[in-house]
Amino acid sequence: MLKLMVGVLVGALLLAVLLLGLHTTSRLSTQLHESTPKGVDFVPGADHNHVFWFMQVSDLHISQFRDSQRTVDFEHFCLENIGIIQPSLVLVTGDLTDAKTKDKLGSSQFETEWQTYWDILQRSKVLESTKWIDVRGNHDAFNIPDLHSIQNYYRKYSALRREGSFHYIHSTPFGNYSFICVDATLTPGPKRPYNFFGILNTRQMETLSSLALQSNRSNLSIWFGHYPTSVIISPSPGIRSVMASAMAYLCGHLHTLGGLMPVMYSRHSTGTLELELGDWMINRRYRILAIDHDLFNFVDLKFNEWPVALITNPKSALYSNFAREPLHRIAQSTHIRVLAFSKSPITSVQIKIDGIFLGEAVHVSGPLYALKWTPQKYTGGLHNIEAKVQDTAGRINNVGHIFTLTDDITLRFGLLPSIILLTDHHVLAQVLFLITVLSQVALITAFRYLRKPALKNSPGFSTLTSFSLHVLSKTNTTFYPTLLLSLYTALGPWFVGELIDGHIGACFAFGVYVKGHFFQGSLTYIVGILQLVFFNLPLMAYQCWCLLLRCQGHGFCSHFRNVKRAVALPTHVIMCGLYCWQIYSCYFLLQTYGTMSFFLSPLKTWLVVVALILMKRIWTICPSEIRGYVAELKNCQSS
């Protein structure tokens with residue numbers, strides 16, 4: 001009886017398994033063209049499966065006031081490049097419009113610029129041929145009181161029309177791929193320049209963490225946004241930790257630093273690549289990216305240069321991620337694979353490895369070319385692969401990179417790009433600002449209470465410098481204004497004005513307050529450092545020099561006759577130049593934030609007047625205040 005029951009039970013289980021298997025087979029047969037299980041391993045061969053490519057362009061800065069050619073070229077790019085490359089999607093990572101006034105000082109949203117952008121999308125019909133994802137940059141948020149404002153033309157003229165971070169899933173027959181947007185633009189959006197840094201609050205970080213968890217079900221996740229992580233302020237654990245599962249983070253914003261850094265790539269400690277793309281505005285840069293058998297590849301290109309090519313297998317060792325990519329597929333692959341695009345038909349794709357010609361790749365389908373290879377020949381060390389692509393117009397492009405089939409070799413990115421992309425610049429700026437302020441305060445405070453050493457015969461430069469600092473610090477007329485200026489630069493409101501049209505706010509070193517929102521200090525610290533270095537500290541040094549002349553018995557007119565011209569004239573010229581810089585900063589304030597900010601600016605406009613009063617006070621200082629220093633200096637010089 002027991003055997004019979006066991007037999008029946010086993011038979012029932014076998015029948016259930018058989019029925020489940022038939023049901024699963026039926027489901028798989030209907031879903032085969034929808035998704036391939038992530039665990040199934042495919043290797044790069046001579047087929048067109050398991051590969052797709054997309055594009056990125058950033059910082060268009062379409063403007064109604066300057067460089068109309070950038071708009072013309074962008075329309076040409078949409079018509080020709082998008083049509084030839086035919087990407088699965090296009091990421092436009094911010095600063096769609098310029099939003100700067102004709103004099104480049106003010107900022108506002110101009111509907112004409114947005115209409116121009118939208119008209120290009122319509123005329124080129126890119127929205128019909130690809131998925132177009134355009135997100136906001138800091139210029140697209142200039143002078144916007146809230147997202148529902150009529151001035152927020154992004155909601156009216158962009159293709160996406162969606163603020164905030166979001167998750168887009170690109171589905172293919174061979175898996176799903178996550179694209180997560182990091183929207184760190186400020187809301188409300190102050191006028192320039194105080195939204196150069198992006199800010200994420202706790203709620204936004206929680207949203208991104210949730211999106212990161214969702215992306216774990218995808219083959220790979222690509223994050224993108226306008227701001228590099230180095231200029232994003234975020235609460236603990238920080239934006240880089242939240243995107244730790246990403247293959248790469250794509251961004252723009254830094255514009256190749258004025259041509260000084262045409263290439264800015266690095267890698268987070270978590271393994272995520274950070275890839276800043278040069279701007280379209282000046283440099284006409286764009287990027288092609290490909291995912292081939294879950295191997296991530298990209299190439300940065302310049303507009304109107306053909307042909308373009310991207311070697312997808314074997315991939316570059318520099319951009320490999322052992323934690324997130326199936327890099328073993330390279331060693332198991334049967335073919336070298338290259339994507340090649342051009343205005344004219346491609347005639348040849350020739351492959352070399354370590355300088356040895358391997359052959360000509362065969363056209364597979366679309367832009368894909370493949371050449372059979374034996375990866376076992378390249379198992380040790382680093383190797384250089386090159387592809388020479390030629391089209392019927394005779395144009396030639398050589399591309400290449402270093403690859404490896406071992407997992408014990410790690411290539412490092414350049415030091416300077418890594419510093420730019422991986423340093424939290426708002427923290428660095430805050431530390432430097434505080435050090436500068438505290439150093440100045442500590443210096444004059446120490447000299448005020450330190451005992452002044454006796455002067456020796458023929459005092460040198462360092463002795464006279466110390467003497468002049470003692471005079472400045474121990475003279476109330478100069479000590480208290482200098483101390484107050486340093487403390488006010490760190491603590492007081494720099495100006496009060498319309499940070500957003502119709503909304504009055506205040507700017508401090510430690511942040512900006514407008515429309516009920518406080519934005520943590522970032523660029524303000526950098527501006528504060530410039531104020532200290534180019535005016536506050538030079539003004540203090542200039543006062544020391546003038547006091548030294550007064551102690552030597554010179555007046556304002558007499559010192560021109562009796563002091564060496566090689567010293568006096570350059571000193572006055574330099575201080576005059578810095579004073580003009582201070583005046584210009586007042587003009588900048590007027591043009592940027594309006595009349596109120598100009599008149600209610602203790603650190604800019606008021607300081608221009610105070611500096612003149614202070615200098616007049618020094619040259620007319622009461623002799624009794626410095627009588628002791630005059631006598632001491634005369635005795636030293638006479639002896």
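Please refer to the structure higher up on the page.
Please read all numbers here as calculations on a predicted model, not as lab measurements.

Caption draft 1: Region of interest: the sheet that holds strand β15 (residues 335-341). One open sheet holds the four strands; their spatial order is β14-β15-β19-β18, and the pairing between them is antiparallel. The sheet is open, and its two borders are formed by β14 (308-313) and β18 (362-365), each paired with just one other strand. With direction set aside, neighbouring strand axes in the sheet form an average angle of 35 degrees. Here β15 runs beside strand β19 (residues 368-372); their pairing, made up of five bridges, is antiparallel. Across the sheet, the residue bridging to Leu 339 is Leu 368, located in β19.

Caption draft 2: Just the nonpolar core, in detail. Membership of the largest hydrophobic core comes to 78 residues, with the highest contact counts inside it found for Val 182, Tyr 194, Leu 208 and Trp 223. Considering every element that reaches this core, the biggest residue donor is helix α13 (residues 523-551), with 16 residues. Residue contacts for Trp 223: discarding those within four places in its chain leaves Ile 180, Val 182, Leu 208, Ala 212, Val 242, Met 243, Ala 246, Ala 248, Tyr 249 and Leu 250. Counting 64 residues, the second-largest nonpolar core is a separate cluster that includes Phe 179, Tyr 265, Val 299 and Tyr 319.

Caption draft 3: A look at the environment of Arg 192. By the element assignment, Arg 192 lies in the loop between β5 (175-182) and β6 (198-199). Along the chain, Arg 192 and Ser 107 lie 85 residues apart, while their C-alpha atoms are 6.1 Å from each other. Beyond its immediate stretch of four places on either side in the chain, Arg 192 contacts Lys 100, Lys 104, Leu 105, Gly 106, Ser 107, Phe 142, Phe 588, Thr 592 and Tyr 593. A distance of 2.8 Å separates a polar side-chain atom of Arg 192 from the backbone oxygen of Lys 104.

Caption draft 4: Looking closely at α13. When the terminal C-alpha atoms of α13 are compared, their 41 Å separation across 29 residues agrees well with the 42 Å that a helix rising 1.5 Å per residue should span. Of all the bends in α13, the largest measures some 40 degrees and sits at Leu 532. Among the 29 residues in α13, 23 count as buried, and that is most of the element. Of the residues one or two after α13, Gly 553 is the one with positive phi, at around 95 degrees.

Caption draft 5: Local environment of the pattern of salt bridges. Tallied over the entire structure, the rule returns 15 salt bridges. The shortest N-O distance in the salt bridge between Glu 163 and Arg 155 comes to 2.9 Å. The exposure class of Glu 163 is buried, given its relative accessible area of 16%. Look at Arg 155 and you get partly exposed, because its relative accessible area is 34%. Between Glu 325 and Lys 315 there is a salt bridge; the shortest N-O distance is 2.7 Å.

Caption draft 6: Layout of the pairing of strand β9 (residues 248-251). Burial along β9 is two-sided: Ala 248 and Leu 250 and Tyr 249 and Cys 251, pointing in opposite directions, are all buried. Bridging between strand β7 (residues 220-225) and β9 involves three bridges; their strand directions are parallel. Bridge pairing links Ile 222 to Ala 248 in β9. Where β9 meets strand β11 (residues 273-276), four bridges bridge the pair, whose relative direction is parallel.

Caption draft 7: Broad picture of the sheet that holds strand β3 (residues 131-135). Reading across the sheet, the five strands line up as β3-β2-β1-β12-β13 and stay open at both edges, with mixed pairing between neighbours. Each edge of the open sheet is held by one strand with a lone partner, namely β3 and β13 (295-302). Taken over all neighbouring pairs, the strand axes of this sheet differ in orientation by 20 degrees on average, direction set aside. Sheet analysis places strand β1 (residues 51-57) next to strand β12 (residues 285-292), joined by six bridges and oriented antiparallel. Opposite Phe 52, over in β12, you have Ile 291 as the bridge partner.

The rules behind each value
- Residues numbered from 1 in each chain as written.
- Predicted model: local features only at pLDDT ≥ 70, side-chain atom pairs only at ≥ 80, totals over all residues.
- Heavy atoms only, no water.
- Pairing = 2+ DSSP bridges.
- Helix = DSSP H or I, 4+ residues; strand = E, 2+ residues; numbered from the N terminus.
- Axes fitted to C-alpha atoms, helices over the stretch in contact; angles between N-to-C directions.
- Core = buried A, V, L, I, M, F, W, Y, C linked by side-chain atoms within 4.5 Å.
- Buried < 20%, exposed > 50% of the residue type's maximum accessible area, 1.4 Å probe, protein only.
- Contact = heavy atoms within 4.5 Å.
- Polar contact = N/O pair within 3.5 Å; in protein donor to acceptor, adjacent residues only side chain to side chain.
- Expected span 1.5 Å × (residues − 1).
- Bend = angle between axes of the 7 residues up to and from the residue.
- Salt bridge = Lys/Arg side-chain N within 4 Å of Asp/Glu carboxyl O.

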